[in-house]
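The primary structure of each chain is shown beneath.
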Amino acid sequence: MDKERGFWRRGLRLFCLVGAVLVFGCRPDTERGEDTPAAKRVEGVAEAGSAVLTKAGPNGGRDWFGDATEEVGLDFVHFNGMCGRFYICEIKAPGVGVVDFDNDGDLDLYLVQATMFDPGMSVDAAVIPPSGPLPLKDRLFRNELIGPNGAVGSLRFTDVTESSGVEATGYGIGVAAGDYDNDGWIDLYVSNMGPNHLLHNNGDGTFTDRAVALGVEDPRYSTGATFLDYDNDGWLDLFVCAYVNFKERTNIECFHPSGQQDYCGPLAYEPLVDRLFHNRGDGTFEDVTVASRIATEYGSGLGVIGADFNRDGWMDIYVANDARENQCWINQGDGTFRNDALMAGCALDATGDPQASMGVDAGDFDGDGDEDLFMTHLAGETNAIYVNDGTGFFEEMSSATGLAVPSVPYTSFGTRWFDYDNDGWLDIAIANGAVSIEETQARAGDPFPYKQRNQLFRNAGNGRLVEVTDQAGAAFELMEVSRGLAFGDLDNDGDTDLLLTNNSGPARVLINQVGQDMHWLGLRLLDRAGVRDMLGARVWVDRQGAPPLLRRVHADGSYICANDPRVLVGLGTLESVERIRVEWPDGSREVFLGLDVDRYHVIRQGGGMAWVD
């Protein structure tokens, strides 16, 4: 089976890796803008209601990331419905979304739940019974950090699922976020085993599922999704990954090398075509999968990220496929795409083999002004960094950056480039959890023997990433089956916090307790009307005596998750910035001056000065 594929190749690769180690404008518009719902978010400041934790960390200091789950009132335990038949979907979920659904200026949480995959079975047949309320469905939690009158309180989450009208009771996988109808309210796309949901935000705290009405329900095994404006018309389109052609009646028995029945990998099933839906601009979508040429390639898609890899002004799409070649869909600017991954050097690993890609993100980790790819893989392989040469061609640098060897024992999922310590360099956090039986745990009688530690890597600023998991705190010592990892400043204190989801386990709020020690700058980029986050906009932060920092507005990436779309830039010890340069999705460019550090600013397109080279 594909879980055993390349056993000797992986062993040789590991031997070689270990051997290598041994041998060798004007002031921007930052008003609250009460006339538009999106602009009603207040400007967060460093004092804004942080969840203060004082648990002892390594060497007697603070934990870098403190587990505040109980303190902030988040009570959610994922249920995977495993019943002894080892359905492949049981081991892959869940994702999570951090979104400001009520436009009050703080990030709320959307937690994806599952149920019994076999509709003929009740929850009584589950190996591990459900821990949360019945009936099982996705949950929406409102952040109470900022009150109705704008007063800043404490970080606290309240379950508002019932009042929100969210009735997502299927076998949930992941979530994507974006304002598809430009009304100033974030909408949610929930991927499922079976029909998906498009939860339209009604602007009054409630949602209406419009997936069927708009033709975007997609009845297959959907995974990662992203909202992006691929044709630069000002309306967010929708890309949806499909995993494999799997149904209850097509379940296949697979076995661990020990002889125990175990979960199959994707090569046991037929691959599928991902789908692209074009936003017509009237609140409806058109399936352009065939017309765009996305239908020319099959895969087993899990993670997806949109970015302009070749810097031609058009959003491209990178798909992380599990055990099959990855795809880099280069936007041709005429409504069509071409898969250039093989030519660009980012389809296969350095030995020419496909890897089991799960999570993916793009960001400028080396500070050279273009976006590099990072993706997570199966145990026995290595997580991978593909360095962009600035023209959309990549070179795998996993070993050279120091990420290869530490990743070999782990199966990795959620991840993202983010600057946890606000020193100006993008770091990496990784959610780990096996998909093949961990024999030591099985022998000890663990009913779900797939647990692993998560990891944290610090960017040393010299092209190397150094593992600092042991210094990150008690939250990174836990052994769980982690999947989704969403990133956002939950307490508005100027550093990036983590929302972690575990398969058949609890969701965890991990509060960053080190980033606020450095200076930072937060930006929310909106369109001319002050309505919608300008996903895809690129930002350069010009610093005195240092190269500019490139960041991009995006909510996608990681693994089946939705992230904070605000741009949060670490400045280290710098107490000011010279200027902010923005390239908007339509190609227009502006300069913004006079932004104070250690606070969030709302920047609207058209509110700056012309950017002249």
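Structure: above.
This text gives an overview of the structure that appears in the document.

### Overview of unusual backbone geometry
Phase 1: Residue Pro94 is reached from Ala93 by a cis peptide bond, and omega for that bond is 5°.
Phase 2: Note on placement: Pro94 falls in the loop between strand S1 (65–67) and strand S2 (96–99).
Phase 3: Here the amide bond leading from Leu134 into Pro135 is cis, since omega sits at 0°, within 30 degrees of zero.
Phase 4: Its location among the elements puts Pro135 in the loop between strand S3 (108–111) and strand S4 (139–143).
Phase 5: Despite not being glycine, Asn232 has its phi angle at roughly 55°, a positive value.
Phase 6: Inspection of the secondary structure assignment puts Asn232 in the loop between strand S9 (222–228) and strand S10 (237–242).
Phase 7: Overall, Asn232 belongs to the partly exposed group, its relative accessible area being 24%.

### A word on empty space enclosed by the protein
Phase 1: As a volume, the largest cavity reaches approximately 360 Å³.
Phase 2: Lining the largest cavity are 24 residues, and of these Arg416, Trp417, Arg551, His554 and Leu568 lie nearest its centre.
Phase 3: Within the residue set of the lining of the largest cavity, elements represented by two or more residues are strand S19 (360–363), strand S23 (412–418), strand S27 (482–488), strand S32 (546–552) and strand S33 (567–572).
Phase 4: Looking at which domains feed residues into the lining of the largest cavity, each of domain 1 (65–513) and domain 2 (520–610) gives three or more.

### Structural notes on the nonpolar core
Phase 1: The biggest cluster of nonpolar side chains holds 39 residues, and the ones touching the most others in it are Cys89, Met193, Tyr221, Phe246 and Tyr450.
Phase 2: Core analysis: the second largest hydrophobic core is formed by 35 residues, Leu523, Ala537, Ile580 and Phe592 among them.

### Focus on the environment of Asn492
Phase 1: Here Asn492 is to be found in the loop between S27 and strand S28 (497–502).
Phase 2: Separated by 337 residues in the primary sequence, Asn492 and Leu155 place their C-alpha atoms 9.4 Å from one another.

### What about the packing of aromatic side chains?
Phase 1: Taken as a whole, this structure holds 25 aromatic pairs when the rule is applied.
Phase 2: Ring geometry for Phe418 versus Tyr420: centroids 6.3 Å apart, planes at 45°, classification tilted.
Phase 3: Judged by its relative accessible area of 4%, Phe418 falls in the buried class.
Phase 4: Chaining the aromatic ring pairs together yields one cluster made of Trp64, Phe65, Phe418, Tyr420, Phe476 and Phe487.
Phase 5: Over the ring of Phe413 we find Arg483, and its NZ or CZ is 4.0 Å from the ring centre.
Phase 6: Sitting above the plane of the Tyr600 ring, Arg566 keeps its charged end 4.3 Å from the centroid.

Conventions we followed
- Residues numbered from 1 in each chain as written.
- Predicted model: local features only at pLDDT ≥ 70, side-chain atom pairs only at ≥ 80, totals over all residues.
- Heavy atoms only, no water.
- Helix = DSSP H or I, 4+ residues; strand = E, 2+ residues; numbered from the N terminus.
- Buried < 20%, exposed > 50% of the residue type's maximum accessible area, 1.4 Å probe, protein only.
- 1 Å grid on protein atoms, 1.4 Å probe; cavity = no way out; pocket = protein on both sides within 12 Å on 5 of 7 lines; lining within 4 Å.
- Points joined across faces, edges and corners; volume = space filled by probe spheres on them.
- Domains from an automatic or database assignment.
- Core = buried A, V, L, I, M, F, W, Y, C linked by side-chain atoms within 4.5 Å.
- Phe/Tyr/Trp six-rings, centres within 6.5 Å; stacked < 30°, edge-to-face > 60°.
- Lys NZ or Arg CZ within 6 Å of the ring centre and 35° of its normal.

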